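Structure assessment
For reference, the chains in residue letters:
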Amino acid sequence: MKNVLKKCGQSHLLAFRERLSPARQQRLLNQLNLLDFAQLDRWRKDYVTNPASAKLPQSIAPAPSYPPEPADAPQQRKYDQARQSGIKLISQGKVAAFVVAGGQGTRLGFDGPKGNLPISPVKNKTLFQIFAETVAAVSAKYQVICPWYIMTSPLNHSQTLALLAANNYFGLNKNDIFVFQQGTLPNFSLDGKILLADLDAIATSPDGHGGSLRALYASGAIDDMKKRGVEFISYFQIDNPLVNILDPLFIGLHALDGSEMSSKALSKTGPLEKVGNFCLADGKVSVIEYSDLPDELALKTNPAGSLLFNLGSIAIHIISVAFVERLNNHGFALPLHRAVKKIPYIDDKGNRIEPTKPNGVKLESFVFDALPLASKSLILETLRDEEFAPTKNATGVDSVETCRQMMIARAASWLASAGIEIPRKPDGSPDCVLEIAPSFALTRQDVAEKRDKIPLIKPGDKIYLA
């Protein structure tokens, strides 16, 4: 190992080996053996010491998409066919739920996995509980066992297992929940040296949501899916409680079109909104980060005045199991993205340093970078107030407060569409606190069918429907 590290300019990683017990030496050696030495030098050069600015494709055009509602009669027929196909696939047990849940609640002001954030407006259910109840409701509605796959990270894996067990798996059968860890990548100093987190530990961080495609395969999750007869993976992230986890229309369109990886998208709130931009890059459906899309393209409009690049990525996908298997069988590497961060480290004297300014580089991959690798990829536009309320910050934009407001607003909209009178404030927002449990309704159509079970709602009421 000493010779290997010397060759790639990382000898300092063994600098303290004489101070370590045999057990701690072995711990360090085990970590070093997990490093991808074939890629290490390229990562250092391309992403750390000489990072190139993002290389744009030669050709960038707007990506075609399906609208939220069919535009004409032929499309209506296709949507009806797709919805029926999706219902059939779900009922046959061919679709699994998959949540990426490696994040911690630090930015939200609490310790522990982000999935343990209490968020629902009336009952204060956690994100994990909301999703577990949704999986249970889907299973009941379609009379099938819908397996749930949860990807954690080394930061929260043991905590996630413990909280699932402590909550009796939120009523689900523990055998139908498959929890696995994503991989990690080493952290670098700004001059390209891998940092030590301790005398016997490399500084690492989770490899990003793009790592899910490798982790699904390496963990045995894909093998488990194949044994169950699962053909399609419904991918979503832990911080969005409004997501329609198993959407028959989305699943059906994916299957009918023979897509390998499909995406939901939103109309952007403005040209420079901080979301990835869907486009056709050299003829392939791709996502270009908001920071990489030149302003002149971001601001470009159609003759009618709407944005040319109007579709934003919201990390909701249907992915074919065969696609994940094919990628891993043939060896693949998604591009990495760099982030300059404050990273605690061990200095050359063996002291732990807590930096006060950014001192290193973390690398991660993004799942949407797999889109161009798919033989076919489709986009279905959805509505922000129906399906996107990310919870990323303690206050302000995309916060716990805004997420709860959106959960109440969607519940009010569903109830109103069923003919229920909703008390309103002068600004039009609901003058009540509403929560619809997944067991009561998964869609606004489900609400309409239970109209007789909904009480009169008065100003200031707190209403929980289950």
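Preceding this paragraph is the structure being described.
So, how was this worked out
Residues numbered from 1 in each chain as written. Predicted model: local features only at pLDDT ≥ 70, side-chain atom pairs only at ≥ 80, totals over all residues. Heavy atoms only, no water. Pairing = 2+ DSSP bridges. Helix = DSSP H or I, 4+ residues; strand = E, 2+ residues; numbered from the N terminus. Phe/Tyr/Trp six-rings, centres within 6.5 Å; stacked < 30°, edge-to-face > 60°. Buried < 20%, exposed > 50% of the residue type's maximum accessible area, 1.4 Å probe, protein only. Axes fitted to C-alpha atoms, helices over the stretch in contact; angles between N-to-C directions. Parallel < 35°, antiparallel > 145°, perpendicular 65-115°, else oblique. Left-handed = near helix turned anticlockwise from the far one by under 90°. Contact = heavy atoms within 4.5 Å. Nonpolar A, V, L, I, M, F, W, Y, C, P; charged D, E, K, R; others polar. Lys, Arg positive; Asp, Glu negative; His and termini not counted. Salt bridge = Lys/Arg side-chain N within 4 Å of Asp/Glu carboxyl O. Polar contact = N/O pair within 3.5 Å; in protein donor to acceptor, adjacent residues only side chain to side chain.

A few points about the sheet that holds strand β6 (residues 188-189)
- A sheet is described by the order of its strands in space; here 3 strands give the open sequence β6-β18-β15, paired in antiparallel fashion. With one partner strand each, in any of the chains shown, β6 and β15 (336-341) form the two edges of the open sheet.
- Across 6 bridges, β15 lies against strand β18 (residues 360-365) in antiparallel orientation. Bridge pairing links Val340 to Val361 in β18.

A few points about the packing of aromatic side chains
- Taken as a whole and judged by the stated rule, the model has 8 aromatic pairs.
- Ring geometry for Phe98 against Phe180: centres 5.9 Å apart, planes inclined by 20°, an arrangement best described as stacked. Placement of the pair is Phe98 in strand β2 (residues 95-100) and Phe180 in strand β4 (residues 177-181), with a sequence separation of 82 residues. Accessibility assignment for this pair places Phe98 and Phe180 in one class, buried.
- On the basis of an interplanar angle of 55° and a centroid distance of 5.4 Å, the ring pair of Phe366 and Phe368 is categorised as tilted.
- A relative accessible area of 11% means that Phe366 is categorised as buried.
- Classification of Phe368 by relative accessible area gives buried; the value is 9%.

Considerations on the packing of helix α8 (residues 221-228) against helix α11 (residues 321-330)
- It is at 11 Å that the axes of α8 and α11 come closest, and there the two elements cross at 140°. Here α11 runs oblique to α8, going by the angle between their axes. In this structure, α8 meets α11 at a crossing whose hand is left-handed. Mapping the contact onto sequence places Ile222, Met225 and Lys226 in α8 and Val321, Val324 and Glu325 in α11.

Here's the deal with the environment of Ala166
- If you trace the backbone, Ala166 turns up in helix α6 (residues 157-166).
- Overall, the relative accessible area of 66% leaves Ala166 in the exposed class.
- Between the C-alpha atom of Ala166 and that of Gly211, which follows or precedes it by 45 residues, the distance is 28 Å.

Considering the environment of Ala203
- Mapped onto the secondary structure, Ala203 falls in the loop between β8 (201-202) and β9 (204-206).
- The contacts of Ala203, once residues within four sequence positions are left out, are Leu185, Pro186, Asn187, Leu195, Leu196 and Ala197.

Let's talk about the packing of helix α4 (residues 73-91) against helix α9 (residues 248-256)
- The interhelical angle for the contact between α4 and α9, taken along N-to-C directions, is 100°, at an axis separation of 7 Å. It follows that α4 is roughly perpendicular to α9 by the angle criterion. Side by side, α4 and α9 meet where Lys78, Tyr79, Gln81, Ala82, Arg83, Ser85, Gly86, Ile87, Leu89 and Ile90 of the first sit next to Pro248, Leu249, Ile251, Gly252, Leu253, Ala255 and Leu256 of the second.
- A class-by-class count of the residues in the contact of α4 with α9 yields 11 nonpolar, 4 polar and 2 charged.

Some thoughts on the side chain of Asp369
- Looking at where Asp369 falls in the secondary structure, it is placed in the loop between β18 and β19 (379-381).
- Although buried, Asp369 forms no salt bridge, and the nearest oppositely charged side chain, Arg42, lies 11 Å from it.
- Reaching out from Asp369, the side chain makes a polar contact with the side chain of His337 at a distance of 2.7 Å.
- Non-local contacts of Asp369, meaning those with residues more than four positions away in its chain, are made with Leu334, Pro335 and His337.

Some details on the pattern of salt bridges
- Tallied over the full model, the rule gives 26 salt bridges.
- Put simply, Arg44 and Asp41 hold a salt bridge, and the shortest N to O gap is 2.6 Å. Placement of both Arg44 and Asp41 in helix α3 (residues 37-49) is noted, with a separation of 3 residues, approximately one turn of the helix.
- The exposure class of Asp41 is partly exposed, given its relative accessible area of 29%.
- Salt-bridge contacts for Lys458 lead to Asp461; the nearest nitrogen and oxygen are separated by 3.6 Å.
- Residue classification places Asp461 among the buried positions, given a relative accessible area of 18%.

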